[in-house]
Amino acid sequence: MEKVKLGIVGLGRLGREHAANINYNIINAELAAVCSAVPEEVESVMKEMNPGYGTTDYMEMFNDKNLDGIVIASNSAFHCKMICDAANAGVKNIYCEKPLGMTLEEIDLIKETVEKNNMNIFQIGYNRRFDQALMSMKEKIDAGFIGKPILIKLVNRDPEWNREALLKFSPTSGGLVFDMLTHDYDVARWLIGSDAETLYGIGGAYGYEGLAELNDIDNCIISIGFENGVMGYMETSRNATYGYHVEYEVFGTEGSLRLGTTPNKDRVVSMNRNGVTTECVKSFFEFWLPTFEAELQDFVDCIQNGKQPKAGLEDAYKAVQWAFAAKEAVDKRTVVSMK
Ligand code: NAI
C-alpha cells in the first residue's frame, strides 16, 4: 500500500515531535514536506529527518498536489488563516493542533470555509481521546459499568511556571480558561456524551504578580450542568510545585471510574533515611507522550481508509464555544447559559 504523504507546518515544541512521529514511527506515512517561519528549524529537521523538501512558505506545501494531507502545528493565532488558506487551495485532509481558533468569529469562518470546500478529513489535536486509560473509561461508561453517570470531575494542574515566561505567554495564549482547559472541555463532552447547558466559574490570580493586570488568572473552578442532567466540575491551576497533575473521575449510580489519583512518574517507591517518596510526572509531554503518535496514526489511517476522525470539526468548534462561555462565567462570576 502507498504511504500517505504529509506536509507539516510548524516545527516548534510540538511540531517537531509530530514530524518525528511521522518520519520514524508511523509506518504508513511519509514526511514529504516541512515548513517553519524559522529557517534554522527547517534546516535542522531537513538534516535529521531528510524529508522531501523544506520551505518557509507554507503556500508552497498547500499548493502541492502530491501531498495527501497537511499537519498544522503553528501557534494558535495562525490556525484560522492557515486552515482557510489550505482549504481554499484545495487541501482535502487537515490535522490541526488545538484550539481551532482564537475568537468566535474565527471558528465560524473556519467552519464555513472547511464545509464549503468539501474537505474529506478535518481532525483537531485533542490527543487525550487517544489515551489508553481514558479510552477504557469511555468504553466502560458507554457499556453501563457505573450505571447512570451522575458527575464528572476533572483536575488539571500545570507545574509551577517561571513568572516571566508566563507573563510573556499569557497575552497570546488566550489565558488560563481559554488555553489550559481546552482539553478538559473536550474530554468532558466526549466522556459524558453531552454538551454543557450551563457553566459557572470562579477563579483568580493567586501565585504570579502581574498576571491579573494582563486580565489572566492562574487558578479556577468551573462547574458544568450538562444537557443530559449530569453534573461536572473542573479545577485547574498553574501552581503545582510538585509537577504535572491530572485526575479524572466519573461517578455513577452503580460505581465510579478514576484515573490518576496521585501523579506518580512510575511504579517505583523509594525508601531511605529521609522517608518514603515517589517521583512525580514533570510535564504534560511526559504524561501524554504516546497519544501524540496515536492521534497522527489515526489521521493517516483516516486518509487511507476513508474513515472519520475521533475528534473532528464539530468537536473543535464546541470546545472553543465552551471556552468562551467559561471565560465569561469566571470573569463575571455568573451562570452562563449555552443555549
Ligand atoms: P512553538 O512556538 O514552539 O512553535 C510554533 C511553530 O509554528 C514554529 O515552528 C514557527 O516557526 C511556526 N510558525 C508560526 N507562524 C508560521 C508561519 N506563518 N509560517 C510557517 N511557520 C510558522 O509552538 P508549540 O508550543 O509547538 O505550539 C504549537 C501548537 O500546538 C499551538 O497551537 C498549541 O496550542 C499546540 N499545543 C498542543 C499541545 C497538546 O497537548 N495537544 C501541547 C502544546 C502545544
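Calculation rules
Residues numbered from 1 in each chain as written. Predicted model: local features only at pLDDT ≥ 70, side-chain atom pairs only at ≥ 80, totals over all residues. Heavy atoms only, no water. Helix = DSSP H or I, 4+ residues; strand = E, 2+ residues; numbered from the N terminus. Expected span 1.5 Å × (residues − 1). Buried < 20%, exposed > 50% of the residue type's maximum accessible area, 1.4 Å probe, protein only. Arc of directions from axis to C-beta. Contact = heavy atoms within 4.5 Å. Near = heavy atom within 4 Å. Polar contact = N/O pair within 3.5 Å; in protein donor to acceptor, adjacent residues only side chain to side chain. Areas by Shrake-Rupley, 256 points an atom, 1.4 Å probe, with all protein chains shown as cover. Pairing = 2+ DSSP bridges. Axes fitted to C-alpha atoms, helices over the stretch in contact; angles between N-to-C directions. Salt bridge = Lys/Arg side-chain N within 4 Å of Asp/Glu carboxyl O.

Asker: Which residues make up helix H5 (residues 104-116), and what values go with them?
Answerer: With 13 residues, H5 ought to run about 18 Å at 1.5 Å a step, and its terminal C-alpha atoms sit 18 Å apart, in line with that. Those residues of H5 lying buried are Glu106, Ile107, Ile110, Thr113 and Val114. All buried residues of H5 lie within an arc of 130 degrees about the axis, which places them on one face of the element. Facing away from the buried surface of H5 by more than 90 degrees, the exposed residues are Glu105, Glu112 and Lys116. Here the buried face of H5 lies against helix H4 (79-88), strand E6 (121-124) and helix H11 (313-332). A positive backbone phi angle near 50 degrees is found at Asn118, which sits one or two residues after H5.

Asker: Now, about the site of the ligand: what can you tell me, with residues and values included?
Answerer: Looking at the ligand, there are 26 residues lining it, with Leu11, Arg13, Leu14, Ser36 and Glu41 nearest. Here Gly12 contributes a backbone N or O atom positioned 3.2 Å from an oxygen atom of the ligand. Take Leu14: an N or O atom from its main chain is 2.8 Å from an oxygen atom of the ligand. Considering the ligand on its own, with 860 Å² of exposed area, one finds that the protein chains cover 83% of that surface. Those elements that provide at least two residues to the shell around the ligand are helix H1 (13-25), H4 and helix H10 (284-305).

Asker: Break down the sheet that holds strand E5 (residues 93-96) for me, with residues and values.
Answerer: Taken together, 6 strands build an open sheet; the order of strands is E3-E2-E1-E4-E5-E6 and the sheet is parallel. In the strand order of this sheet, the two ends are held by strand E3 (53-55) and E6, each with one partner. Within the sheet, the average angular offset between the axes of one strand and its neighbour, ignoring direction, is 20 degrees. In this structure, strand E1 (residues 4-9) lies alongside strand E4 (residues 69-72), joined through 4 bridges in parallel fashion. Bridge pairing in E4 places Ile8 opposite Val71. Contacts from H1 reach E1, strand E2 (29-35), E4 and E5 within the one sheet, and its direction differs from that of E2 by about 150 degrees.

Asker: How would you summarise the pattern of salt bridges if you had to cite specific residues and measurements?
Answerer: On inspection of all chains with the given rule, the structure shows 24 salt bridges. Note that Lys153 is salt-bridged to Glu247, the shortest N-O span being 3.7 Å. Here the residue Lys153 occupies a position in strand E7 (residues 149-159), and Glu247 occupies one in strand E11 (residues 245-252), the gap between them amounting to 94 residues. Residues Lys153 and Glu247 agree in their burial class; the two are buried. Residue Glu328 pairs with Lys332 through a salt bridge whose shortest N-O separation is 3.3 Å. Pair noted here: Glu328 and Lys332 are both in helix H11, with a separation of 4 residues, about one helical turn. A relative accessible area of 56% places Lys332 in the exposed class. One network of salt bridges, with partners in common, ties together Arg129, Asp186, Arg189, Asp195, Asp315 and Lys318.

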